[in-house]
Amino acid sequence: MAPTTKTTRKPAAKKPAPPAATVEIDRSRDLSRPLEELAPEERMKFESDYLAGSITTDLIDEITLAVDENNNKLMKFHGIYQQDDRDIRDERRRQKLEPFFTFMLRGRMPGGVCTAEQWLKIDELGRTYGNDQFRLTTRQTFQFHYLNRNALREVMLGLRDVGLDGKAACGDVARTVMSGVHPGLTKLHKQVYEQAQLASDHVIHKTSAYEEIWFGEKPEQPRGESEEPFYGKQYMPRKFKIGFAVPPSNDIDIYSQDLGFVAIANRGKLKGFNVVIGGGMGRADNAPATYPRLGDVIGYIDVDQLQPTLDAVMGVQRDFGDRVTRAHARFKYTIDDKGLDVITGEIERRLGFALAPAKTFAFTSNGDDLGWTTGDDGLEHCTLFIESGRIIDRGERRLMTGLRAVADAGLCVFRLTPNQSVILSDVLPEDRPKVEAILAEHGIDNAPTKGRSALRLNSMACVAMPTCGLAMAEAERYLPELITKIEGQLEKHGLTEDPITIRMTGCPNGCARPYIAEIALTGRAPGKYNLYLGAGFHGQRLNKMVRENVGEDVILEVLDECLGAYAKDRKDGERFGDFVVRAGFVAEVTAGRNFND
Ligand code: SRM
Ligand code: SF4
């Protein structure tokens, strides 16, 4: 029988506890079941010696470049995915060779804050082991692709030198904690970021297996019950995502997080958070029971109630999440199965107090505020536009070299944005010309809004081909080209300056959060996509599929018609997503989370 784990939490009684959830919670698929009734991954975690598995010995197997299936799954908890180069997969198969296995390593970077020293190390590791590049992700962190198995330890050691690691970047745990990066609100930011950092430290898994595998540090005693006081041996049922938004920016897409916190401040001082639960993007084309879901705002907490709230919410999902069917194991399904009221009641029961009513807040966008901004602390911040987050030198635009030069000069802190871009932040006003000169010297435009359509500046694409094993179509390598074609239409209709969000993914999993973009494309097959329209501009309403499994011709034809009508018939200030719904291009749109309306 798999043991249940206990949650450690501080007593935080502010108000009397509400009555315990009156509805008995169905436990038929949760942690309390015997292992043999659960998904095979549950046994794998349970028997892994707190995520150690046999990774250490597997890494030195000379017969193959790969690792075995269980270790492959366990390595995700350490930030590593085994992949193979999809561009040459067929050719290698024809030549009867094993796939060309390489590894992706994702670092953990709460709130995307990266010192110049850390940036330099990431850059060095990317050049030495990662094919002269690295990638910024939609959750404000970085990834190396194309790593050779033998390089993994070197990369881990390199990251450790600058206080970074790959813990919890992947796997059935709380992932990299996001934190909004609005550069104009620097002081409030700092306070929210501090809380995000505390949350990240609090929810991180504690196992010593990471240090043992990657640094050869044997634990003094065999790992036992005290190794993971919160997670226990079976960790979470699936990944769990946490983010902090700082209104008016919804850059982190709060409604897509399993657990989100909306900062509530008074005259620039952080007071507390509205709590949002149950967001998630993933769906599968062949599984109608999977769907994207927007999070629900369930109440307000003061800042000092953050930690117990993390324990209570995550504890509910840990204990009641589906451990039988992994495709149904995200928190959004637990909430929909058991009911929002029941789950909220259970959270409050664990907290020992009722959540206060949510406070009013207003979001205006989920994009980045590009270009130079002066913060409320007088420091300068430059948000660069990095198409699809790829840090690489290409032709005249020597992005990787240029950003290395900025880091080398020690002129700024780097902040990775939830839209895969980077902010050169905390620049002293007198240093701004130096930063501008370095950027110009390397062909990097520090006025990113010039010469690019507002659609491009509000675009995002996931990695997809050639590294992602789940990709069915291109995304990062194709979206820029498709946007160039749409830009022709925008110009024709006089919409070049109008911000419209567009996101593309190579499959329906939703890594670029496509279901909350005004225009979205999710891959079905090479060159074929599902086309979605009609989400809210700041991520408050899901879009709807309007064409299934179509190619570029149809996509451009539909967009041309919608954009033309938008240019002609929109109301003052009306967003494209709202227009296509009103004008009937999209039917049956679900209600949004217009909390601010
Ligand atoms: Fe993701 C799986 C890349 C953000 C939903 N995601 C993957 C894998 C690891 C493929 C795999 O399992 O083999 C992709 C690796 C590709 C590669 O070659 O690097 C991958 N996901 C990414 C990144 C790098 C996309 C990007 O272009 O930036 C993002 C890394 C974020 C990070 O730093 O942690 C990334 N993934 C997301 C997001 C967006 C978010 O979290 O804000 C989502 C939707 C939100 C959500 O989780 O609901 C997302 N990824 C998924 C899913 C679907 C999960 C589900 O509930 O069904 C999968 C597939 C899975 O887990 O089985 C997946
Ligand atoms: Fe891969 Fe699909 Fe995620 Fe894109 S959305 S990175 S194709 S899993």
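Residues numbered from 1 in each chain as written. Chains lettered and ligands numbered in written order. Predicted model: local features only at pLDDT ≥ 70, side-chain atom pairs only at ≥ 80, totals over all residues. Heavy atoms only, no water.

*Asks:* Mind showing me how you'd approach the overall build of the protein here?
*Replies:* Of regular secondary structure, the protein possesses 17 helices and 22 strands. For the protein, whose C-alpha radius of gyration is 23 Å, the value lies close to the compact-globule estimate of 25 Å for 597 residues. Principal-axis analysis of the C-alpha atoms gives the protein an extent of 65 × 60 × 55 Å. Sorting the 597 residues of the protein into buried and exposed places 60% on the buried side. Of the contacts formed within the protein by residues at least 6 apart in sequence, a portion of 69% connects residues at least 24 apart. Carbon together with sulfur atoms contributes 49% to the accessible area of the protein, which is approximately 23,300 Å² in total. Placing the 79 positive and 87 negative side-chain charges of the protein at their respective mean positions leaves the two points 3 Å apart. (Helix = DSSP H or I, 4+ residues; strand = E, 2+ residues; numbered from the N terminus. Rg over C-alpha atoms; globule rule 2.2 N^0.38 Å. Buried < 20%, exposed > 50% of the residue type's maximum accessible area, 1.4 Å probe, protein only. Contact = heavy atoms within 4.5 Å. Areas by Shrake-Rupley, 256 points an atom, 1.4 Å probe, with all protein chains shown as cover. Lys, Arg positive; Asp, Glu negative; His and termini not counted. Charge placed at Lys NZ, Arg CZ, Asp CG, Glu CD.)

*Asks:* Is there a simple way to explain the coordination of the iron atom of ligand 1 in this structure?
*Replies:* Six octahedral donors around a metal ideally make angles of 90 or 180 degrees; four tetrahedral donors ideally make 109.5 degrees. A lone protein donor contacts the iron atom of ligand 1, and this donor is C511 (SG), found at 2.3 Å. Summarising the element assignment, C511 is placed in the loop between β19 (502-505) and β20 (519-525). (Donors = N, O, S within 2.8 Å, 3.2 Å for Na, K, Ca; no water.)

*Asks:* Even after reading the chapter, I still don't get the sheet that holds strand β16 (residues 413-416), so can you show me in this structure?
*Replies:* The strands that make up a sheet are held in pairs by hydrogen bonds between backbone atoms, and each pair lies either parallel or antiparallel. Pairing is antiparallel in the open sheet, where five strands are placed in the order β3-β16-β17-β12-β11. Two strands lie at the open edges of the sheet, namely β3 (113-114) and β11 (371-374), each paired on one side alone. One ladder, built from two bridges, connects β3 with β16; its direction is antiparallel. Along β16, the bridge assignment pairs C114 with F414. (Pairing = 2+ DSSP bridges.)

*Asks:* Looking at this structure, how should I read a nonpolar patch on the surface?
*Replies:* A surface patch of nonpolar side chains, amounting to about 220 Å² of accessible area, comprises L65, I88 and F100. With respect to the helices and strands, L65 occurs in the loop between α2 (55-58) and α3 (69-76). (Patch = residues over 30% accessible without salt bridge, like charges linked within 9 Å, V, L, I, M, F, W, Y side chains within 5 Å. Salt bridge = Lys/Arg side-chain N within 4 Å of Asp/Glu carboxyl O.)

*Asks:* Explanation requested: the site of ligand 1 in the structure shown.
*Replies:* Around ligand 1 sit 29 residues, and of these T137, H145, K239, C511 and R513 come closest. Between ligand 1 and R106, the relevant distance is 3.4 Å, taken from an oxygen atom to a side-chain nitrogen or oxygen of the residue. Within the backbone of V463, an N or O atom sits 3.2 Å from an oxygen atom of ligand 1. If you list the elements that add at least two residues to the shell around ligand 1, you get β1 (80-84), β2 (101-106) and β5 (142-147). Grouping the amino acids of the shell around ligand 1 by side-chain chemistry returns nine nonpolar, twelve polar and eight charged. (Near = heavy atom within 4 Å. Polar contact = N/O pair within 3.5 Å; in protein donor to acceptor, adjacent residues only side chain to side chain. Nonpolar A, V, L, I, M, F, W, Y, C, P; charged D, E, K, R; others polar.)

*Asks:* Is there a simple way to explain the sheet that holds strand β6 (residues 178-179) in this structure?
*Replies:* One open sheet accounts for five strands, arranged β6-β7-β8-β9-β10; its pairing is mixed. Every interior strand has two partners, whereas the edge strands, β6 and β10 (296-302), have only one. In this sheet, strand β8 (residues 259-266) lies alongside strand β7 (residues 242-245) in parallel orientation, the contact comprising four bridges. Looking at β8, one finds that A245 is bridged to V262. Each of β7, β8, β9 (269-277) and β10 touches helix α9 (residues 306-320); the most contacted strand, β8, lies at about 160 degrees to it. Packing of helix α11 (residues 340-351) onto the sheet brings it into contact with β9 and β10, and relative to β10 it is tilted by some 15 degrees. (Axes fitted to C-alpha atoms, helices over the stretch in contact; angles between N-to-C directions.)

*Asks:* What am I meant to see in the site of ligand 2 here?
*Replies:* Near ligand 2 the following residues occur: C462, A464, C468, L470, A471, T505, G506, C507, N509, G510 and C511. Partitioning the shell around ligand 2 into residue classes produces seven nonpolar, four polar and no charged.

*Asks:* Just checking my understanding: could you explain the packing of aromatic side chains for this structure?
*Replies:* A complete count under the given rule lists 19 aromatic pairs for this structure. Residues F230 and Y231 carry aromatic rings whose centres are separated by 5.2 Å and whose planes lie at 85 degrees to one another, so their mutual orientation is edge-to-face. Considered together, F230 and Y231 belong to a single accessibility category, that of buried residues. Relative to F579, the ring of Y566 lies with its centre 5.5 Å away and its plane at 50 degrees, an arrangement referred to as tilted. Pair noted here: Y566 is in helix α16 (residues 552-569) and F579 is in helix α17 (residues 576-582), with a separation of 13 residues, a long-range link. The class of Y566 is buried, set by a relative accessible area of 3%. Each member of the aromatic cluster is reached from another via a ring pair, and the members are F77, F230, Y231 and Y235. Lying over the aromatic face of F215, R160 brings its terminal NZ or CZ to 4.0 Å of the ring centre. Here the basic side chain of K359 rests over the ring of Y300, its NZ or CZ set 4.5 Å away from the ring centre. (Phe/Tyr/Trp six-rings, centres within 6.5 Å; stacked < 30°, edge-to-face > 60°. Lys NZ or Arg CZ within 6 Å of the ring centre and 35° of its normal.)

*Asks:* How should I be thinking about the pairing of β19 in this particular structure?
*Replies:* Within a regular strand, side chains alternate between the sheet's two faces. Burial along β19 is two-sided: I502 and M504 and R503 and T505, pointing in opposite directions, are all buried. Handedness of the β-α-β unit built from strand β18 (residues 459-461), helix α15 (residues 479-493) and β19 comes out left-handed. (Right-handed = clockwise from strand over helix to strand, strands pointing away.)

*Asks:* Any chance you could explain the packing of helix α5 (residues 116-129) against helix α6 (residues 152-161) here in plain terms?
*Replies:* Angle between the axes and distance between the axes: these two values describe a pair of packed helices. At a closest axis distance of 10 Å, the pairing of α5 and α6 adopts a crossing angle of 165 degrees. In terms of orientation, α5 lies roughly antiparallel with respect to α6. For α5 against α6, the interelement crossing comes out right-handed. Only E154, V155, G158, L159 and D161 of α6 make contact with α5, whose side of the interface consists of K121, L125 and Y129. (Parallel < 35°, antiparallel > 145°, perpendicular 65-115°, else oblique. Left-handed = near helix turned anticlockwise from the far one by under 90°.)

*Asks:* Please explain α3 as it appears in this structure.
*Replies:* Owing to its 3.6 residues per turn, the α-helix aligns residues three or four sequence positions apart on the same side. All of the buried residues in α3 are N71, N72, L74 and M75. Taken end-on, α3 shows its buried residues confined to a sector of 170 degrees, consistent with a single buried face. Contacts made by the buried residues of α3 are with α1 (40-46), α2, β1, β2, α6 and α8 (209-215). One side-chain oxygen at the N-terminal end of α3 lies 3.1 Å from the backbone nitrogen of N70; it belongs to D68. (Arc of directions from axis to C-beta.)

*Asks:* Would you mind showing me how to read α6 here?
*Replies:* Among the residues of α6, L152, V155, M156, G158 and L159 are the ones counted as buried. Within α6, the buried residues cover an arc of 160 degrees as seen down the axis, which keeps them to one side. Its buried side turned inward, α6 meets α3, β1, β2, α5, β5 and α8.

*Asks:* Help me understand the nonpolar core, please; the structure alone is not making it clear to me.
*Replies:* One recurring pattern in soluble globular proteins is that nonpolar side chains are buried together. Formed by 98 residues in total, the largest nonpolar core has its most connected members in W119, W214, I242, L403 and F414. No other element matches α9, which puts seven residues into this core. Contact partners of F414, with chain neighbours within four places excluded, come to G112, V113, C114, T115, A116, W119, L403, V406, A407, V422, I423 and L424. By size, the runner-up hydrophobic cluster in this structure holds 39 residues, among which are M460, I502, M504 and C562. (Core = buried A, V, L, I, M, F, W, Y, C linked by side-chain atoms within 4.5 Å.)

*Asks:* Before we go on, may I ask you to explain unusual backbone geometry in this structure?
*Replies:* A cis geometry characterises the amide bond from P247 onward to P248, with omega recorded as 15 degrees. With respect to the element layout, P248 can be found in the loop between β7 and β8. Residue M465 is joined to P466 through a cis peptide bond whose omega torsion reads 5 degrees. Inspection of the secondary structure puts P466 in the loop between β18 and α15. At A464, a position not held by glycine, the phi torsion is positive, near 55 degrees. For A464, the location among the structural elements is in the loop between β18 and α15. One non-glycine residue, R513, lies in positive phi territory at about 50 degrees. Checked against the element boundaries, R513 lands in the loop between β19 and β20.

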